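# What the coordinates show
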Amino acid sequence: MNIAIIGCGTMGMIYARNLGKMPGVTVSAVADLIAERANRAAEACGAAAYTDWEQMLEEVKPETVAVCVPTYLHKSFTLELAKRGIHIICEKPAALTLEDAKAMEAECHKHGVRLFIGHVVRFFPNYRNAFDQVQSGKIGVPKMAHFKRFASYPQGVDLWYHDRSKSGGVIMDLMIHDIDYACWLFGDVESVYASVTEPSLSGMEYAQVTLKFFSGAIANLTGFWGYAGPFTTQFEISGTGGIIQFDSNQVQSLDLKIASEGVQRAAVQVPSSPTVHDPYYNEVKYFIECIRNGSEPLVTAADATRAVEIALACERSAQTGQPVQVGGNAL
Ligand SMILES: NC(=O)c1ccc[n+]([C@@H]2O[C@H](COP(=O)([O-])OP(=O)(O)OC[C@H]3O[C@@H](n4cnc5c(N)ncnc54)[C@H](O)[C@@H]3O)[C@@H](O)[C@H]2O)c1
């Protein structure tokens, strides 16, 4: 598989490191507007570095491209790549509007290319394990859940995360991980009720959301940008016969501090997993297998579009102060 990466910031570097060591995969090239970033990612995976992504596509002709640019650029890159017949592994969230997410799906379908959106939480072993336990009926019928996700205030190049018109804000960017996971667990969402603090100069955005599912299940989600501690995720899933609890701060079996990484802080915090198999590695390996054997992925582009639609309903609820039906108006 001949792969290229566009966007060599936080996520682009994760892809470069993971794809660079994946058997059966060659990262032929990487592109970033900032030459220094392209060079750093190229070095991590033994690829050629470009600052012009179009020139890169013409010269290396990749079969698949990993799209790791800021969210507001996902749609335009996806449409350009689909038109060229290239498969796409795009970071989450799929897009900032429902129309854009649907346009991405439609264009990929039209050109016969695959589109995968990186909802990586489904590949975190603890989350996967909890899903399997629920599916097997261990806790009876699942009824209620709570999900929390706390991260520092992201920086990113040109501070695009701070602009809701570019990142979508804390619900669209961060909480969407748990929105997607909750849908995997409980099925489709009927209505939402949300509140979110206004982004402030102090660098904090805190959101609380209640999702009501068609199944009757309820999930409460908290998303926080501006947390002073380590990246933290927690969940609690309760059913008629038991409860499953998880706290990322309680399960780190190794405390690894790499001297060369020193006190440098990534622009955006990315959760880690204590297991040998990195979920980001497993996710991209799995997507590549889906391209090779033509199988449907665990998380489809349609799932990712639905997650965007639910996140947008949460935004509408937060703005109006009213519960909102997904795909409809205030209740
Ligand atoms: N799955 C996860 O856990 C996770 C974590 C963090 C971020 N993300 C998502 O990944 C995406 C990227 O986030 P990030 O934190 O890596 O951003 P970032 O700002 O660190 O990196 C984005 C890079 O894209 C480059 N870029 C912008 N326009 C370009 C263009 N036209 N051509 C080439 N390069 C261009 C920028 O120069 C920058 O280096 C976002 O959608 C974000 O929501 C996902």
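Above this text you will find the structure in question.
Here we summarise the structure given alongside this text. (Residues numbered from 1 in each chain as written. Predicted model: local features only at pLDDT ≥ 70, side-chain atom pairs only at ≥ 80, totals over all residues. Heavy atoms only, no water.)

## Quick word on the overall build of the protein chain
- Looking only at helices and strands, the protein chain features ten helices and 13 strands.
- For 331 residues, the compact-globule formula gives about 20 Å, and the C-alpha radius of gyration of the protein chain, at 19 Å, lands near that figure.
- The dimensions of the protein chain, computed from C-alpha atoms along their principal axes, are 55 × 45 × 45 Å.
- Buried positions account for 52% of the 331 residues belonging to the protein chain. (Helix = DSSP H or I, 4+ residues; strand = E, 2+ residues; numbered from the N terminus. Rg over C-alpha atoms; globule rule 2.2 N^0.38 Å. Buried < 20%, exposed > 50% of the residue type's maximum accessible area, 1.4 Å probe, protein only.)

## Focus: the site of the ligand
- Residues in close proximity to the ligand total 31 residues, the closest being Asp32, Thr71, Tyr161, Asp173 and Tyr280.
- Glu91 is positioned such that a nitrogen or oxygen atom in its side chain is 2.9 Å from a nitrogen atom of the ligand.
- Where the shell around the ligand is concerned, the elements lending two or more residues are helix H1 (10-20), helix H4 (74-83) and helix H8 (169-186).
- When grouped by side-chain class, the residues that make up the shell around the ligand number 18 nonpolar, eight polar and five charged. (Near = heavy atom within 4 Å. Polar contact = N/O pair within 3.5 Å; in protein donor to acceptor, adjacent residues only side chain to side chain. Nonpolar A, V, L, I, M, F, W, Y, C, P; charged D, E, K, R; others polar.)

## Observations concerning the packing of aromatic side chains
- The final tally for this structure, using the stated rule, is 23 aromatic pairs.
- Between the aromatic rings of Phe186 and Phe213, the centroid separation amounts to 5.1 Å while the plane-to-plane angle is 55 degrees, which identifies the pairing as tilted. Taken together, the residues Phe186 in helix H8 and Phe213 in strand E9 (residues 205-213) connect sequence positions 27 residues apart. With respect to burial, Phe186 and Phe213 carry one shared label: buried. (Phe/Tyr/Trp six-rings, centres within 6.5 Å; stacked < 30°, edge-to-face > 60°.)

## Here we look at the side chain of Thr232
- With respect to the helices, strands and loops of the structure, Thr232 is situated in strand E11 (residues 232-239).
- By relative accessible area, Thr232 is classed as buried at 3%.
- Here the side chain of Thr232 touches Asn249 through a polar contact of 3.1 Å, side chain to side chain.
- Look past the residues within four positions of Thr232 in its chain and what remains in contact with it is Lys148, Arg149, Phe150, Tyr227, Asp247, Ser248 and Asn249. (Contact = heavy atoms within 4.5 Å.)

## Notes on H1
- Most of H1 sits inside the fold, with eight of its eleven residues counted as buried.
- Within H1, the full set of buried residues consists of Met11, Gly12, Met13, Ile14, Tyr15, Ala16, Asn18 and Leu19.
- Where H1 is buried, its residues contact strand E1 (2-6), strand E2 (26-31), helix H2 (35-45), strand E4 (64-67), strand E5 (87-91) and helix H9 (279-293).

## Focus on the environment of Ile291
- Structurally, Ile291 can be placed in helix H9.
- In this structure Ile291 comes out as buried when scored by relative accessible area, which is 13%.
- Considering only alpha carbons, one finds Ile291 and Ile88, 203 residues apart in sequence, at a separation of 9.7 Å.
- Every residue in contact with Ile291, bar those within four places of it in the chain, is listed here: Met1, Thr64, His87, Arg114 and Phe116.

## Topic: the pairing of E5
- Counting buried residues in E5 gives five out of five residues, a clear majority hidden from the surface.
- Of the two faces of E5, the one carrying His87, Ile89 and Glu91 and the one carrying Ile88 and Cys90 are both buried.
- As judged from the four bridges shared by E4 and E5, these two strands associate in the parallel manner. By the bridge assignment for E5, Val65 is matched with Ile88.
- Where the polypeptide runs from E4 across H4 and back to E5, its parallel neighbour, the crossover connection is right-handed.
- Of the strand pairs in this sheet, E5 and strand E6 (residues 115-118) are connected by four bridges, and their pairing is parallel. Bridged to Ile89 within E6 is Phe116. (Pairing = 2+ DSSP bridges. Right-handed = clockwise from strand over helix to strand, strands pointing away.)

None of the figures reported here should be taken as evidence of function without further support.
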